[in-house]
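Breakdown of the fold
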Amino acid sequence: MEIYFLSMAILTLMSFYLAQSLRSAINNGQTVRNIAKLFCSIFCILVASLFLFAHLSLGFVNSVIVYIFHSFIVIFQMAMIWFPKPD
């Protein structure tokens, strides 16, 4: 189980890296296609849901806190991906 948990943590870092790459391209004024945003969003949500199930199976933290934590991660990643370039 620990290896699965570690792999989910690494995949979460990778999803943040992908979201940051898209955010950097958006901020630099480059054209970012919606299909790239969609695939990155799907990847981030998939990783977050798998990590949520791994986190819940450990059972050492209250499940409400786990849901809030993972919801925050997904919302943060979606904001990085979908928000337009700041003025």
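Scroll up to find the structure this text is about.
Worth saying up front: this structure is predicted, and the values here are computed from it rather than measured.

Reading the values: the criteria
Residues numbered from 1 in each chain as written. Predicted model: local features only at pLDDT ≥ 70, side-chain atom pairs only at ≥ 80, totals over all residues. Heavy atoms only, no water. Core = buried A, V, L, I, M, F, W, Y, C linked by side-chain atoms within 4.5 Å. Buried < 20%, exposed > 50% of the residue type's maximum accessible area, 1.4 Å probe, protein only. Helix = DSSP H or I, 4+ residues; strand = E, 2+ residues; numbered from the N terminus. Contact = heavy atoms within 4.5 Å. Phe/Tyr/Trp six-rings, centres within 6.5 Å; stacked < 30°, edge-to-face > 60°. Disulfide = S-S within 2.5 Å. Patch = residues over 30% accessible without salt bridge, like charges linked within 9 Å, V, L, I, M, F, W, Y side chains within 5 Å. Areas by Shrake-Rupley, 256 points an atom, 1.4 Å probe, with all protein chains shown as cover. Salt bridge = Lys/Arg side-chain N within 4 Å of Asp/Glu carboxyl O. Axes fitted to C-alpha atoms, helices over the stretch in contact; angles between N-to-C directions. Parallel < 35°, antiparallel > 145°, perpendicular 65-115°, else oblique. Left-handed = near helix turned anticlockwise from the far one by under 90°. Nonpolar A, V, L, I, M, F, W, Y, C, P; charged D, E, K, R; others polar.

1. Considering the nonpolar core
The biggest cluster of nonpolar side chains holds 10 residues, and these are A19, L22, A25, I26, V32, C40, C44, M78, M80 and I81. Where this core is concerned, the elements lending two or more residues are α1 (2-27), α2 (34-58) and α3 (63-82). The residues contacting C40, other than those within four sequence positions of it, are L18, A19, L22 and I81.

2. Quick notes on the packing of aromatic side chains
Where two aromatic rings form a pair, the distance of their centres and the angle of their planes describe that pair. This structure, assessed with the given rule, holds 3 aromatic pairs. Geometrically, the ring pair formed by F72 and F76 is stacked, given 6.0 Å between the ring centres and 5° between the ring planes. Of this pair, F72 and F76 both sit in helix α3, 4 residues apart, which is roughly one turn of that helix. Site record: aromatic cluster; members linked through ring pairs are F16, F72 and F76.

3. Observations concerning the state of the cysteines
Taken as a whole and assessed by the stated rule, the structure comprises 0 disulfides. The structure places no disulfide on C40, whose sulfur is separated from the nearest cysteine sulfur, that of C44, by 4.2 Å.

4. Quick notes on a nonpolar patch on the surface
Judged by side-chain polarity, M1, Y4, L46, L50, L58, F60, V61 and I65 come together as a nonpolar surface patch covering roughly 720 Å² of accessible area. Per element, the largest residue contribution to the nonpolar patch is 3 residues, and it comes from α2. Turning to its location among the elements, M1 is positioned in the segment before α1. The class of M1 is partly exposed, set by a relative accessible area of 49%.

5. Some thoughts on the environment of S7
Summarising the element assignment, S7 is placed in helix α1. Residues S7 and F51 lie 44 residues apart in sequence; the distance between their C-alpha atoms is 9.0 Å.

6. Focus: the packing of α2 against α3
Between α2 and α3, the shortest axis-to-axis distance is 10 Å and the interhelical angle comes to 170°. In terms of orientation, α2 and α3 fall into the roughly antiparallel class. The hand of the α2/α3 crossing is right-handed. Residues N34, K37, L38, C40, S41, C44, I45, A48, F51, L52, H55 and L56 of α2 form the contact with α3, whose own contacting residues are S63, V66, Y67, F69, H70, V74, Q77, M78, I81 and W82. When its residues are assigned to classes, the contact of α2 with α3 shows 15 nonpolar, 6 polar and 1 charged.

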